[in-house]
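The chain contents come next:
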Amino acid sequence: MAYILESTHIDVPPAAAGDALRAWGALHTRLASGFVTDTVLDRGDRVVTFCDGSVVRERLDSCDEHAHRLAWSIVDGPYLHHHASAQVSDDGHGATDFVWIADVLPDTLAERTAQMMRLGIEAVRRTLDTR
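Below is a summary of the structure that appears in this document.

How each quantity is defined
Residues numbered from 1 in each chain as written. Predicted model: local features only at pLDDT ≥ 70, side-chain atom pairs only at ≥ 80, totals over all residues. Heavy atoms only, no water. Helix = DSSP H or I, 4+ residues; strand = E, 2+ residues; numbered from the N terminus. Buried < 20%, exposed > 50% of the residue type's maximum accessible area, 1.4 Å probe, protein only. Areas by Shrake-Rupley, 256 points an atom, 1.4 Å probe, with all protein chains shown as cover. Lys, Arg positive; Asp, Glu negative; His and termini not counted. Charge placed at Lys NZ, Arg CZ, Asp CG, Glu CD. Salt bridge = Lys/Arg side-chain N within 4 Å of Asp/Glu carboxyl O. Phe/Tyr/Trp six-rings, centres within 6.5 Å; stacked < 30°, edge-to-face > 60°. Lys NZ or Arg CZ within 6 Å of the ring centre and 35° of its normal. Pairing = 2+ DSSP bridges. Axes fitted to C-alpha atoms, helices over the stretch in contact; angles between N-to-C directions. Contact = heavy atoms within 4.5 Å.

**Structural notes on the overall build of the protein chain**
Alright, step 1. A count of helical and extended segments in the protein chain gives three helices and seven strands.
Alright, step 2. Oriented by its inertia axes, the alpha-carbon framework of the protein chain measures out at about 40 × 30 × 25 Å.
Alright, step 3. Counting the 131 residues in the protein chain, one finds 43% classified as buried.
Alright, step 4. Element-wise, carbon and sulfur atoms account for 52% of the exposed surface of the protein chain, whose accessible area totals about 6600 Å².
Alright, step 5. Averaging the positions of the 12 positive and the 20 negative side-chain charges in the protein chain gives two centres separated by 5 Å.

In structure tokens:
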């Protein structure tokens, strides 16, 4: 199983980044604008359209408001297994460290997933920096 980790520093308070992360149905406007072009809620899942036109269904696995952590799985897409989490924390100076982790199968999708996560985390940084 491939393990992928991306992280970035964002000059916003962790509470603001955590609020954007928890906005499950507003991924395309609150967290990853430009990388995600649309998010539609369907029976609690979110159907996500990415900038390259790909579409996946994501299911929320857990949301820990105190830890500013969200975990989800892609349940309708190219993966045999996909589990991801994102967490924000204080960098010690009032800004945010943002970490995104994914475990994926098959391994042949690891490089493509890593490329998308690099684009995605840059969009998160840009989106939150402009707020």
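**Re the pattern of salt bridges**
When the charged atoms of two side chains with opposite charge come close together, those side chains can pair.
Alright, step 1. Applying the stated rule across the entire model yields eleven salt bridges.
Alright, step 2. In this structure, arginine 59 engages aspartate 45 in a salt bridge whose closest nitrogen and oxygen atoms are separated by 2.7 Å. Of the two residues, arginine 59 is situated in strand β4 (residues 55-64) and aspartate 45 in strand β3 (residues 45-50); the sequence distance between them amounts to 14 residues.
Alright, step 3. In this structure aspartate 45 comes out as buried when scored by relative accessible area, which is 6%.

**Observations regarding the packing of aromatic side chains**
Alright, step 1. For the structure on display, the rule yields two aromatic pairs.
Alright, step 2. Relative to tryptophan 100, the ring of tryptophan 72 lies with its centre 6.5 Å away and its plane at 40°, an arrangement referred to as tilted. Of this pair, tryptophan 72 sits in strand β5 (residues 69-76) while tryptophan 100 sits in strand β7 (residues 96-105); the two residues are 28 residues apart in sequence, bridging distant segments of the chain.
Alright, step 3. Under the relative-accessibility criterion, tryptophan 72 is labelled buried at 6%.
Alright, step 4. Above the face of the tryptophan 24 ring, arginine 46 is positioned so that its terminal group lies 3.7 Å from the ring centre.
Alright, step 5. The cationic tip of arginine 46 hangs over the ring face of tryptophan 72; the distance from NZ or CZ to the ring centre is 5.8 Å.

**A few points about the sheet that holds β4**
Alright, step 1. Spatially, the seven strands line up as an open sheet ordered β1-β7-β6-β5-β4-β3-β2, and their pairing is antiparallel. One side of each edge strand has no neighbouring strand; the edge strands of this open sheet are β1 (2-10) and β2 (36-42). Direction aside, the axes of adjacent strands within the sheet are offset by 25° on average.
Alright, step 2. In this structure, β4 lies alongside β5, joined through seven bridges in antiparallel fashion. Residue pairing in the sheet places serine 62 in a bridge with alanine 71 of β5.
Alright, step 3. Where helix α1 (residues 14-22) meets the sheet, it contacts β4, β5, β6 (81-90) and β7, and its direction lies at approximately 155° from that of β6.

**Re the environment of valine 55**
Alright, step 1. Inspection of the secondary structure puts valine 55 in strand β4.
Alright, step 2. Take valine 55: its relative accessible area is 46%, and that puts it in the partly exposed class.
Alright, step 3. Sequence separation of valine 55 and threonine 39 is 16 residues, and the distance between their C-alpha atoms is 9.6 Å.
Alright, step 4. Discounting chain neighbours no more than four positions away, the residues touching valine 55 are Val47, Val48, Thr49 and Asp76.

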